[in-house]
Structure formats: structure tokens, C-alpha cells
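Fold and geometry: a report
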Amino acid sequence: MYDVVALGELLIDFTESGKSEQGNQILEANPGGAPCNVLAMLKNLGKKTGFIGKVGQDMFGTLLKNTLDETGISSEGLIMDEKVRTTLAFVHTLPDGDREFSFYRNPGADMMLREDEIHLKMIQETKIFHFGTLSMTHEGVRNATKKAVLTAKEAGAIISFDPNLREPLWESLELAKEQMEYGFSQCDILKISDNEIQFVTGKEDFEEGIAQLQEKYQIPLILLTKGKDGSCAYYKGMRAEKEGFCVKAIETTGAGDTFCGCSLGYLLDHDLHHLSEKELKEMLTFANAGAALITLKKGAIRSMPKEQEIREFIEERRKTEK
């Protein structure tokens, strides 16, 4: 029934949006959360997606549910809780377009999802199950996440994992590392950023870090993102690399999630078990382009590029290179 079902955080990203006449900072309420950002990109690629998670029964939770419904992401697995509030994140954009986060999540609804609230049927009816580590920062939602992963594996789904490390949300960095390692042990597809590979392996050299993960966990496909420097794919002894697209970024929120959504969309149309080097490079080019395009807008879920937009962007860049 579903191409991809994701479990995790759905929240509001408050992004800076100029100043008022009085000189006060204006903040824009952007629907976000890494797993749903991925689903939004997949929806723009024509894939059927569904989300499992929890928001508060409040104005922000209602906004988020409406956003899923309007975007076309199934909210069948979304729980609205009267007792806890929707998680909020305040995004401070740095001069180079990168960002810092301040989370209001003590507790936040996303971390209060319980095992008995998971929509198991959705997981049993999906081709790919996607998750990250923000749904593993606390014991209750951690148990829920692991139950979902087990259900997906038993149903024969492909498991996709993006650590999406947010250090301030963890009681300790050791716990963060432990849960990242759980994800590595379960996944078929790993999307990991350059700073995350350094954090979890202790290796400054990305290649050494990737080799360490491959040897220990035997992950079929690892996708390494390096921001504006592009990305690499590691698959069956092959290494494919594509440079990033140079753009004047406004904000980088959602870039990694866009990359992940584009990659999963490509893999749904190809055989994960029989990929060529040419296909890996084609996938990376498409995903890099999608990631570049979203940095030209603020927010994530409502800002995802359309498939035609990505293809036209790639074609235009090819023409200028000639």
C-alpha cells in the first residue's frame, strides 16, 4: 500500500523572517521534522507515503496534521495527544546558510509516542521503512521505534536510517552513539553526514570511518553527504562520488532530508540489490540537485522541490558547464 512509511518527529521549525516595524525579530512557523521532510520529497516524486508519530492537540499540532493532509502524506498513523504539547524548534541561521537549533521539548509530543500507539498495519504494508535517532532519545519512544523496526523487518521491508544527530537532545553522547549503532545494525540503507561519521567512529578521515562501519555492520548501501562538497555512495565494493551544486544558500534546513528523499525515490524505481556505478552516480546527481534547490527557500515540508524542477536544474547546469 505504501512506498515509504517513516516514524519520528513532526514539529514546528521557527525560522527567522526579517524584522517588524518595531525592530523585533519575526519568526515563521514552518512545518518540519526530518522523517516527514523525507516523505514530503518522496510525495513530490509521486510516491505513496505515510507518517507515524505524535503531536499535541494544540494549534501547532493541528497545523501539522493539516500540512500532512494537504501535502498528501497519510496521517493515518499520527496521534494527537491532549496531555503534551507539540515539539518546537527555533532555527538560528548563520551567515553561510548553516543553522543552529534551540528545541522546546521537555517533554515534547514526539518523544511521548508509545509502543501500543504504533500503526503496525502501515508498517507491514510498506516497501521501505525510514527512521532516525530523534525517536530514540527517551526510553518510551525508543521502545516504540524498535518495535516498529522489528515489525518492518519481519514484513520484509527495506530499512532506511538517517541518524540526524542533534546533540543537545541527548542525556549523554554515549547514549546517542549507542542508538546510532543500533540503527546501523538494522538498516539496509544508511544516509549519514560527514560530521556524524566523525562523531560515531572517531575518525577524521571519512573513508576510514565508512570502512569501519562497512566492516562492522555490513550495510548494503551507505550514502555520505558532505554539504556543498557533494556526496558519496558505497555499495558492494564500489565507491561513487558526485560534486555538489554551488548555489547561494538562504538556509540549509531540510537539505539532508531532501537528499535522502531523492535517493529513496530513485531506489524505489531501481533494484537495491543490483545497482551499477552509473546508477549510483545518477542517483547522487539527482539527490545533490534536490538538496541544493531546497537551500534557496526557507522551511522544509512545504518547500520541497518538484521532480521536474530538479531535472531542469540539472540540465541547465550541464549546459552552462559545456
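Residues numbered from 1 in each chain as written. Predicted model: local features only at pLDDT ≥ 70, side-chain atom pairs only at ≥ 80, totals over all residues. Heavy atoms only, no water.

1. Brief notes about the environment of Ala 291
Position of Ala 291 among the secondary structure elements: in helix α9 (residues 277–294). What makes Ala 291 buried here is its relative accessible area of 14%. It is 8.6 Å that separates the C-alpha atoms of Ala 291 and Cys 262, two residues lying 29 residues apart in sequence. Excluding residues within four positions of it along the chain, Ala 291 makes contact with Ala 255, Thr 258 and Phe 259. (Helix = DSSP H or I, 4+ residues; strand = E, 2+ residues; numbered from the N terminus. Buried < 20%, exposed > 50% of the residue type's maximum accessible area, 1.4 Å probe, protein only. Contact = heavy atoms within 4.5 Å.)

2. Observations regarding empty space enclosed by the protein
Applying the stated criterion across every chain, the model contains one cavity of 30 Å³ or more. By volume, the largest cavity amounts to about 40 Å³. Lining of the largest cavity is provided by Glu 9, Ala 34, Pro 35, His 130, Phe 131, Gly 132, Thr 133, Leu 134, Asp 162 and Asn 164. Secondary-structure elements contributing two or more residues to the lining of the largest cavity are α1 (34–44) and β8 (126–131). Among the residues making up the lining of the largest cavity, the classes are represented as four nonpolar, four polar and two charged. (1 Å grid on protein atoms, 1.4 Å probe; cavity = no way out; pocket = protein on both sides within 12 Å on 5 of 7 lines; lining within 4 Å. Points joined across faces, edges and corners; volume = space filled by probe spheres on them. Nonpolar A, V, L, I, M, F, W, Y, C, P; charged D, E, K, R; others polar.)

3. Quick look at the sheet that holds strand β11 (residues 221–225)
Pairing is mixed in the open sheet, where nine strands are placed in the order β5-β4-β1-β8-β9-β10-β11-β12-β13. Where the open sheet ends on each side, the last strands, each with one partner, are β5 (74–81) and β13 (238–242). Neighbour-to-neighbour, the strand axes of this sheet turn through a mean angle of 15°, independent of strand direction. Strands β4 (49–56) and β5 of the sheet are contacted by helix α2 (residues 59–71), whose axis makes an angle of about 175° with β5. Sitting on the sheet, helix α5 (residues 173–186) is in contact with β8, β9 (158–161) and β10 (189–193), with an inclination near 150° to β9. (Pairing = 2+ DSSP bridges. Axes fitted to C-alpha atoms, helices over the stretch in contact; angles between N-to-C directions.)

4. Examining the nonpolar core
Judged by nonpolar contacts, the single largest core of 53 residues is most densely connected at Leu 10, Leu 39, Phe 51, Leu 221, Leu 223, Leu 280 and Ile 310. Counting residues per element, this core draws most heavily on α9, at 10 residues. Setting aside residues up to four positions removed in sequence, Leu 223 forms contacts with Ile 189, Leu 190, Lys 191, Ile 192, Cys 232, Ala 233, Phe 259, Ser 263, Met 283 and Leu 284. Phe 129, Met 136, Ile 210 and Ile 219 belong to the second-largest nonpolar core, a separate cluster that totals 41 residues. (Core = buried A, V, L, I, M, F, W, Y, C linked by side-chain atoms within 4.5 Å.)

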